[in-house]
Amino acid sequence: MIVTKREHACLVLQNEGSTLVIDPGVFTAPFEVENLVAIVITHEHPDHVTAEHLDRLLAAAPGTLLYAPAGVAAAMPGYLWHTVSAGELRTVPGFSLRFTGGEHATIHSSIAPIDNVGVMVNDQLYYPGDSFADPDAPVHALAVPASAPWLKVGEVMDFVGAVKPHQAFPTHELVNSEAGQAMTNGRIESVQAQHGGSFVALAPGESLDLG
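Below you will find a few notes about this structure. (Residues numbered from 1 in each chain as written. Predicted model: local features only at pLDDT ≥ 70, side-chain atom pairs only at ≥ 80, totals over all residues. Heavy atoms only, no water.)

1. Considerations on the sheet that holds strand β5 (residues 65-68)
If you trace the seven strands from one edge of the open sheet to the other, you get β6-β5-β4-β3-β2-β1-β14, paired in mixed fashion. Because the sheet does not close on itself, it has two edges, and the strands there are β6 (81-83) and β14 (207-209). The sheet shows a mean angle of 20° between the axes of neighbouring strands, direction not considered. When strand β4 (residues 36-40) meets β5, the two strands line up parallel, connected through three bridges. Residue Ala38 lies in a different strand from β5, and its bridge partner there is Leu65. Against the sheet, helix α1 (residues 51-60) engages β3 (18-22), β4, β5 and β6, with an angle of about 160° to β4. (Pairing = 2+ DSSP bridges. Helix = DSSP H or I, 4+ residues; strand = E, 2+ residues; numbered from the N terminus. Axes fitted to C-alpha atoms, helices over the stretch in contact; angles between N-to-C directions. Contact = heavy atoms within 4.5 Å.)

2. Focus: the sheet that holds strand β12 (residues 167-171)
With mixed pairing, the seven strands of this open sheet are ordered in space as β7-β8-β9-β10-β11-β12-β13. In this open sheet, the two edge strands, each paired with only one partner strand, are β7 (89-92) and β13 (198-199). Sheet topology places strand β9 (residues 115-121) next to strand β10 (residues 125-127); three bridges connect them, and they run antiparallel. Residue Val119 lies in a different strand from β10, and its bridge partner there is Tyr127. Packing of helix α3 (residues 153-163) onto the sheet brings it into contact with β10 and β11 (141-145), and relative to β11 it is tilted by some 165°.

3. So, the pairing of strand β2 (residues 11-15)
Among the five residues of β2, four are classified as buried, and the element is accordingly described as predominantly covered. Judged from the four bridges that link them, strand β1 (residues 2-5) and β2 form a sheet pairing that is antiparallel. For Ile2, the partnering residue across the bridge sits in β2 and is Gln14. Between the antiparallel neighbours β1 and β2 lie five residues, among them His8 with a positive phi of about 60°. Note: β2 against β3, five bridges, orientation antiparallel. Paired with Leu11 across the bridge in β3 is Ile22. Linking two consecutive strands that pair antiparallel, namely β2 and β3, is a turn of two residues; a positive phi of about 50° is found at Glu16 within it. (Buried < 20%, exposed > 50% of the residue type's maximum accessible area, 1.4 Å probe, protein only.)

Shown next as structure tokens:
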């Protein structure tokens, strides 16, 4: 399986001739894929999903399955959503999808919580969306949320240290300055080194082959 990072929170995965897209949002530049079978949306915030991305991808691949928590389906009616929640498993050509979590991390007490699911793909790649939800399984590659109004770098480090992935790379980082991201990358890499894991600072368009 090959994972390609797009801008901010978006990932493109390819396996056995099929393609899966996760969280194409407003900070992600338009892109095209071949053999798209499914799109996973972790939650309804616009940096994770836009109608423009969905419409373009679905126009090129009619019949693509859309998976998201109930909050996304309610916020974006008019699409054929397959709603999912923590603990559920879905299978599409080339991919198994196991969902975790259930709720977005707290931003502030004045902001109402929303649905959020993490997703484990093929028991290899884990992406928690906007949360630090426990994957409750060994993780080969972890897409680490690196910057957001709901986190601080110490929490990022604790999450990586708890998951102990073989590989880790940053995502959800576009709101960082270059200096801020360099600092966060260094913190993640230091935690990875403590348990013998590796760190790759993937730039948009770069890929990892997970084997």
